[in-house]
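Structural features, examined
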Amino acid sequence: MDTIDEPRTATAEGSAARPAPHVDAAGYLTTYAASAADPEAYWAEQGKRLDWIKPYTKVKDVDFTLGQVSIKWYEDGTLNVAANCIDRHLATRANQTAIIWEPDSPEDEAQHITYGELHAQVCRMANVLTDQGVTKGDRVILYLPMIPEAAYAMLACARIGAIHSIVFAGFSPEALAQRVNGCEAKVIITADEAPRGGRVTPLKTNADKALLHCSDDVQCLVVKRTGGETTWTDRDHDLTALCAAASDQNTPVEMGAEDPLFILYTSGSTGQPKGVVHTTGGYLTYASLTHEVVFDYHEGDVFWCTADVGWVTGHSYIVYGPLANGATTVMFEGVPTYPDAGRFWQVCEKHKVNQFYTAPTAIRALMGKGPEFVEKYDLSTLTVLGTVGEPINPEAWNWYNEVVGKKNCPIVDTWWQTETGGHLMTPMPFGTKLKPGSAQQPFFGIKPVVLDPQSAEVVEGNDVEGVLCIADSWPAQMRTVWGDHERFEQTYFSQYPGYYFTGDGCRRDADGDYWITGRVDDVINVSGHRMGTAEVESALVAHETVAEAAVVGYPHDIKGQGIYAYVTLMGGVEPTPELRKQLETWVRAEIGPIAKPDLIQWAPGLPKTRSGKIMRRILRKIAEDDFGSLGDTSTLADPSVVDDLIENRMNRK
Ligand code: 6R9
């Protein structure tokens, strides 16, 4: 498992013309040591990557103490994120492509949007938002396909100081309504329809359904993506037409470094998704720095992150990081397998992509289709490959390395979270001996610690395992949960006092490299998407036939983890295959397609302690088809339920 690959050099065969890498092996050690010894000095310097209206004099003001958690970076500085991502590049890059937009269908033409055009489009949308009464601090929900307007809308909000909150276009009307209400949004920006993988999602119709549950004051701005028919009410405005008529000049608003930039809802172990808040100065500094260093991005490179802007990866590495660096960033509307499994590689060839960043689940799915889909295309421009979202299994890593990278492109396995804003652990592409499956080393200024889950004590030394915490802040750390600072403190700072608790378990191997072993809470990771088991359970029990439900993850070949639901029906309800289908459809509608259970087992009873607590450990084991090691079941109120669950288990190897 611990195969070591020698550190690559940027002048390896095929990339002879590349500039020297930003960080080599010696450079990593020196810079890391300096950043850890004097974080203030390191981050004071890094903040200068940005253009500040009023430069900061204070760098860091952080307290991780429960009851008074407070995180501030560059707090007395002022700046504007859109000006940093666009305006400051205009003198030298007005005619350089900022965004390459690749539509869902390869038959349709790609768009190359220059920094000059991006400026005009963002100014137009900023003016439209202002006309709608949106001002600094107001919330705007974005429910959009992967179209350039999604980036314009993010930057237009940033320009006028509004706080955007993107809701992934795969989420249901119910999930959308919850988020509109959760942050009391003034406006929602959506599109008529979202084409993806040859199919069309009626986004505007979904938005209409959601808005039935929201205040009548919420305005709806609609981008014309397909021109398809949609209903039209008094609150709807044609955003495409309004932008065309608006001025292409707009003065960016001066924002404090600690003013919120965006809210992004993410799943936790309990309750409803929480609104992760990221702020202006620290977030952008960190997104920009990590984008440059971790992908070894250089002037003129074409960078492609295949994520959706509905997830944090899309925020930091499609829009904010690359644009802050004046890069050319690819935005892809489609899916990896449409029209066939060669789509990613066709796009890499077509746009001469230099850095390619995707999720292990996509790699596993494509690996199953065979190498011929990759080999058809010229991938010689690729220099660095990246993965994110879940651990990558060595088999997928090797395929990515050999078939895609031709053993010539280092793979950066980047571990991070919605909460962290950017990469916290990753190899350096030209400065680390790579180990397939390991996120390896902390990024500059990051201090990981392994704690014993029982004693909460720090585990020193190597070849150890425990829960992963971070000992000190970094500029892109989330600042709070929107509207619920107490929940923020409880979730991240209460279990292991003095540390940021990541929710992940990890192993530090004999060389000091980190291996993420997965969540230690009730969060599962389905195709790289975070899902709270509690969310799926509450969707299930909302169905009239369901008395009780317990949801766990189980190993899934393609998705990493699948969703396994144990369902106890109301008395008198027949468990039929039709009902199983109905429940699947129900969860899809309540949350979205990504939450659909893969397996539903009818459970006449659930294993519970005498105090009524569901023993998830047992349910996980049965779902993993590993019931030989169930451990002590004698504390169960009724141990016989376990036999029935084992006998009727759904996942048989
Ligand atoms: C960026 C993102 C965060 C959770 C995280 C962890 C898992 C992410 C990983 C990884 C192993 C990696 N995760 N990257 N596990 N190796 N390289 O994915 O954010 O959606 O918030 O998920 O994903 O469990 O805690 P988010």
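Just so you know, these numbers come straight off a predicted model, no measurement behind them. Here the residue numbers are simple positions, counted from 1 along each chain's written sequence. In keeping with the model being predicted, local features are shown solely for residues with a pLDDT of at least 70 and side-chain atom pairs are shown and tallied solely at 80 or more, while totals for entire chains, interfaces and linings include all residues. As a rule here, side-chain values cover all heavy atoms of the structure and leave hydrogens and water aside.

1. With respect to the pairing of strand β26 (residues 523-526)
Between buried and exposed lies partly exposed: a residue is buried under 20% and exposed over 50% of the maximum accessible area for its type, with that area taken using a 1.4 Å probe on protein chains only. Only DSSP runs of H or I reaching four residues or more are called helices, and only runs of E reaching two or more are called strands; each is numbered from the N terminus. The alternating pattern of β26 places V523 and N525 on one face and I524 and V526 on the opposite face, and all of these are buried. Between any two strands, at least two bridges found by DSSP are needed for them to pair. Note that β26 and strand β27 (residues 529-532) share four bridges and pair antiparallel. What sits directly across from V523, in β27, is G532.

2. Quick word on the UniProt feature "domain: AMP-binding enzyme C-terminal" (unreviewed entry) in the protein chain
UniProt positions are given in the numbering used here, feature names are shortened, and annotations may be inferred rather than shown by experiment. UniProt's feature table lists "domain: AMP-binding enzyme C-terminal" (unreviewed entry) at residues 535-613, given in the numbering used throughout. Taken end to end, residues 535-613 is 27% helix and 32% strand, and its two terminal C-alpha atoms sit 17 Å from one another.

3. Things to note about the site of the ligand
A molecule or strand has a residue near it when one of that residue's heavy atoms lies within 4 Å. As a matter of local geometry, the ligand sits amid 17 residues, with D413, T414, T418, D504 and R530 nearest to it. Within the contact set of the ligand, a nitrogen atom lies 2.8 Å away from a backbone nitrogen or oxygen of T414. Each polar contact in these results corresponds to two N or O atoms within 3.5 Å; when the atoms are within protein, one needs to be able to donate a hydrogen and the other to accept it, and residues that are neighboring in sequence are counted only if both atoms are side-chain atoms. Between the ligand and T418 there is a distance of 2.5 Å, counted from an oxygen atom to a side-chain nitrogen or oxygen. Only the protein chains shown count as covering a residue, and every accessible area follows the Shrake-Rupley method with a 1.4 Å probe. Taking 530 Å² as the accessible area of the ligand by itself, protein coverage stands at 95%. Breaking the shell around the ligand down by element, the ones donating at least two residues are α11 (312-324), β20 (411-414) and β25 (514-519). For this classification, the nonpolar set comprises Ala, Val, Leu, Ile, Met, Phe, Trp, Tyr, Cys and Pro, the charged set comprises Asp, Glu, Lys and Arg, and every other residue, Gly included, is treated as polar. Partitioned by chemical class, the residues of the shell around the ligand number six nonpolar, six polar and five charged.

4. Description of the nonpolar core
If you look at the biggest cluster of nonpolar residues, it comprises 159 residues, and the most contacted ones within it are L118, L155, I189, Y320 and V567. Ranked by the residues each element gives to this core, the list is headed by helix α6 (residues 148-160), at ten residues. Contacts were defined at the residue level, with two residues in contact if any of their heavy atoms lie within 4.5 Å. Residues contacting L155, with those up to four places away along its chain left out, are A82, C85, I86, L118, V122, V319, Y320 and L323. Membership of the second largest hydrophobic core comes to 31 residues, among which are C348, L382, I392 and A396. For the purposes of this section, nonpolar cores are sets of buried Ala, Val, Leu, Ile, Met, Phe, Trp, Tyr and Cys residues that join through side-chain atoms within 4.5 Å.

5. Quick look at the packing of helix α19 (residues 616-623) against helix α20 (residues 640-647)
As a rule, the C-alpha atoms of each element are fitted with a line to give its axis, helices using only the stretch in contact, and angles between N-to-C directions run from 0 to 180 degrees. Where α19 meets α20, the axes come as close as 10 Å, and the angle between the chain directions of the two elements is 25 degrees. One element, α19, and the other, α20, form an angle in the roughly parallel class. Of the two possible hands of crossing, α19 and α20 adopt the one that is right-handed. Between α19, through I618, L619 and I622, and α20, the contact on the second element is made entirely by V642, L645 and I646. Among the residues forming the contact of α19 with α20, the class breakdown is six nonpolar, no polar and no charged. Roughly parallel here means an angle under 35 degrees, roughly antiparallel means over 145, roughly perpendicular means 65 to 115, and every remaining angle is called oblique. Each crossing gets its hand from how the near helix is turned against the far one by less than a right angle, where anticlockwise is left-handed and clockwise is right-handed.

6. Some thoughts on the pattern of salt bridges
Between Lys or Arg on one side and Asp or Glu on the other, a salt bridge is scored when a side-chain nitrogen of the former is within 4 Å of a carboxyl oxygen of the latter. Per the counting criterion, the structure on display carries 32 salt bridges. E584 serves as the salt-bridge partner of K581, at 4.0 Å between the closest nitrogen and oxygen. Of the two residues, K581 and E584 are both situated in helix α18 (residues 577-590); the distance of three residues between them amounts to about one turn of the helix. Between K596 and E584 there is a salt bridge, with its nearest N and O atoms 3.8 Å apart. With a gap of twelve residues between them, K596 in the loop between α18 and β30 (599-602) and E584 in helix α18 connect regions that are remote in the sequence. The class for K596 is partly exposed, based on a relative accessible area of 28%. Accessibility expressed as a relative area gives 14% for E584, which makes it buried.

7. Things to note about the sheet that holds strand β15 (residues 274-279)
An order of β12-β11-β8-β6-β7-β14-β15-β23 is seen for the eight strands of this open sheet, with the pairing classed as mixed. If you trace the sheet from one side to the other, it starts and ends with β12 (236-238) and β23 (480-481), each paired once. Judged from the two bridges that link them, β15 and β23 form a sheet pairing that is antiparallel. Bridge pairing in β23 links V277 to T480.

8. Focus: helix α10 (residues 281-294)
To estimate the expected span of a helix, subtract one from its residue number and multiply by 1.5 Å. When the terminal C-alpha atoms of α10 are compared, their 20 Å separation across 14 residues agrees well with the 20 Å that a helix rising 1.5 Å per residue should span. For α10, the tally of buried residues reaches 13 of 14 residues, placing the bulk of the element in the interior. At the C-terminal side of α10, D296 shows a positive phi close to 45 degrees.

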